[in-house]
Amino acid sequence: MIPDMKFTTFGRTGLRLSRVALGAGGPSRLGFSKNRDRTSMIALIHGAVDLGVNIIDTARNYGTEKIIGEALAEVSEEVFVATKVWCFESEDVHDPNREPYRDPDRLVESVETSLRQLGRETIDILQFHGVPPGGLDVTIDILLPAAQLLRDAGKVRFIGITEHPGIDPQQEMAWRACDSGLFDSIMVQYGIFDQEGDWRTFPTAKKNEVGVFCMCAARNALTTPEAVERVLTQLDRQPVPDLSYLLDEASPKYADAAFRFAASNESIDVVVVGTGNLSHLEASTRAVLGPPTPAAVLDRLQADFGDLAGGPMWPGD
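A brief look at the structure comes next.

Notes on the environment of Val-156
Residue placement: Val-156 occurs in strand β7 (residues 156-162). Spatially, the C-alpha atom of Val-156 lies 6.5 Å from that of Leu-126, the residues being 30 residues apart in sequence. Apart from residues no more than four positions distant in its own chain, Val-156 is found in contact with Val-111, Thr-122, Ile-123, Leu-126, Leu-150 and Arg-151.

Considering the packing of aromatic side chains
By the definition in use, this model includes five aromatic pairs. Aromatic side chains Phe-128 and Phe-183 sit 6.3 Å apart centroid to centroid with 85 degrees between the ring planes, which places their arrangement in the edge-to-face category. Taken as a pair, Phe-128 in strand β6 (residues 123-129) and Phe-183 in the loop between α5 (172-180) and β8 (185-189) lie far apart in primary sequence, 55 residues in all. A centroid spacing of 5.3 Å and a plane angle of 55 degrees characterise the contact between Tyr-190 and Phe-202, whose relative ring orientation is tilted. With a gap of twelve residues between them, Tyr-190 in the loop between β8 and α6 (201-207) and Phe-202 in helix α6 connect regions that are remote in the sequence.

With respect to the nonpolar core
Where a protein is soluble and globular, its nonpolar side chains tend to be buried together. Residues Leu-107, Phe-128 and Phe-193 are the most contacted members of the largest nonpolar core, which totals 86 residues. Ranked by residues supplied to this core, first place goes to helix α8 (residues 254-263) with eight residues. Of all hydrophobic cores here, the second largest spans 15 residues; its members include Leu-17, Phe-80, Met-215 and Cys-216.

Remarks on α5
For α5, the set of buried residues is Met-173, Ala-174, Ala-177 and Cys-178. One side of α5 carries all its buried residues, which in axial view fall inside an arc of 130 degrees. Packing partners of the buried residues in α5 comprise α4 (136-152), β7, β8 and α6. Residue Gly-181 follows α5 closely and has a positive phi angle near 75 degrees.

Details of the pattern of salt bridges
Within the structure shown, the criterion is met by 14 salt bridges. Arg-12 is the partner of Asp-184 in a salt bridge, and the nearest nitrogen-oxygen pair spans 3.0 Å. Within this pair, whereas Asp-184 is found in the loop between α5 and β8, its partner Arg-12 is found in the loop between β1 (7-9) and β2 (16-18), the two being separated by 172 residues in sequence. Judged by relative accessible area, Asp-184 falls into the buried class, the value being 9%. Within this structure, Arg-38, Lys-66 and Glu-70 form a network of salt bridges that share partners.

Some thoughts on the environment of Gly-14
Of note, Gly-14 is situated in the loop between β1 and β2. Gly-14 gets classed as partly exposed once you look at its relative accessible area, which sits at 48%. Along the chain, Gly-14 and Glu-112 lie 98 residues apart, while their C-alpha atoms are 25 Å from each other.

Here we look at α4
For α4, the principal kink sits at Leu-143 and spans about 50 degrees; a proline, Pro-145, occurs within the next four residues. Along α4, the positions that sit buried rather than exposed are Leu-136, Val-138, Thr-139, Ile-140, Leu-143, Leu-144, Ala-146, Ala-147 and Leu-150. As for α4, its buried residues are in contact with α3 (104-118), β6, β7 and α5. Taken from the residues just after α4, Gly-154 is the one with a positive phi, measuring 85 degrees.

Analysis parameters
Along each chain, residue indices are assigned from 1 in the same order as the chain's sequence is written. Only residues with pLDDT of 70 or above have their local features reported here, since the model is predicted, and side-chain atom pairs are shown and tallied only from 80 upward, although totals for entire chains, interfaces and linings are computed over all residues. Note that water and hydrogens are dropped before the side-chain values are worked out from all heavy atoms of the structure. Numbering of helices and strands starts at the N terminus; helices are DSSP runs of H or I of at least 4 residues and strands are runs of E of at least 2. Any two residues whose heavy atoms approach within 4.5 Å are treated as being in contact. Two rings belonging to Phe, Tyr or Trp (six-membered ring only in the last case) form a pair when the distance between their centres is within 6.5 Å. Interplanar angles under 30 degrees mark stacking, angles over 60 mark edge-to-face geometry, and anything in between is tilted. To qualify as a nonpolar core, a set must consist of buried Ala, Val, Leu, Ile, Met, Phe, Trp, Tyr and Cys residues joined through side-chain atoms within 4.5 Å. Burial classes: relative accessible area under 20% of the type maximum marks a residue as buried, over 50% as exposed, and values in between as partly exposed (1.4 Å probe, protein chains only). The arc refers to the directions leading from the helix axis to the C-beta atoms. A carboxyl oxygen of Asp or Glu within 4 Å of a side-chain nitrogen of Lys or Arg is what we treat as a salt bridge. The term bend refers to the angle at a residue between two fitted axes, each drawn through seven residues, those ending there and those starting there.

Shown next as structure tokens:
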């Protein structure tokens, strides 16, 4: 049985968001990347709403805005949408100092396209997507004013920013963005093998009342027993750590344990579950809403993996 949905006040926005967000990105993209048909993707979105999920996270470059718009047009419940604008010239962003483009008109065009695709008059949360440390100043100085004008025009309600964990494992951009006081939300990777947010990002977000989305709680590293074993072996620690103690009635699978771990962190407002499968969403929701990870287990996980900075979360990517 899935517990009733819990809600949280999302930073200074005042939005009451569900503790679980449906993520329309990641490897699945609502099943879009696996060639799921329109009917099954709409059923997934409707299933999420039935679970009490009232926030969907997407992006222009995910290719899922249109199907989200079609699905939400058929529901009566209030559902918020967070989407993103990709501010880089190419997909080759594996340079922590790479700057975003400098043309605010492209940002405006991207937002207008998102509004058409989503069939909405307003984007609830517009996020700058995967900004590297070297791109934060340009984002603030040149692109943020355009987003603020869109907000003033009623086309955007709140403005956020997301990290790129693959090129900024120390979350340099994330905590600096929180410290600036200019962003209403932050999205960062957080999980058993990436507890970096605890050190600077989360305390800075709390100080500035920034809402916190958690992405990639399980990612590839904790999706299967084989993936867990591969990651633990790659850590090259002797003896090889054993995580079987994470499995119990509240978290029968490692992915459940990963979502439960993220939800146990009071600094995280919303845990994003990216999926194309309703059963997976139900299991992850059950883990997020269930009993928190015991304090003794949290202490053990911090002692064993608190020094990692996210690399193990992406095996095979």
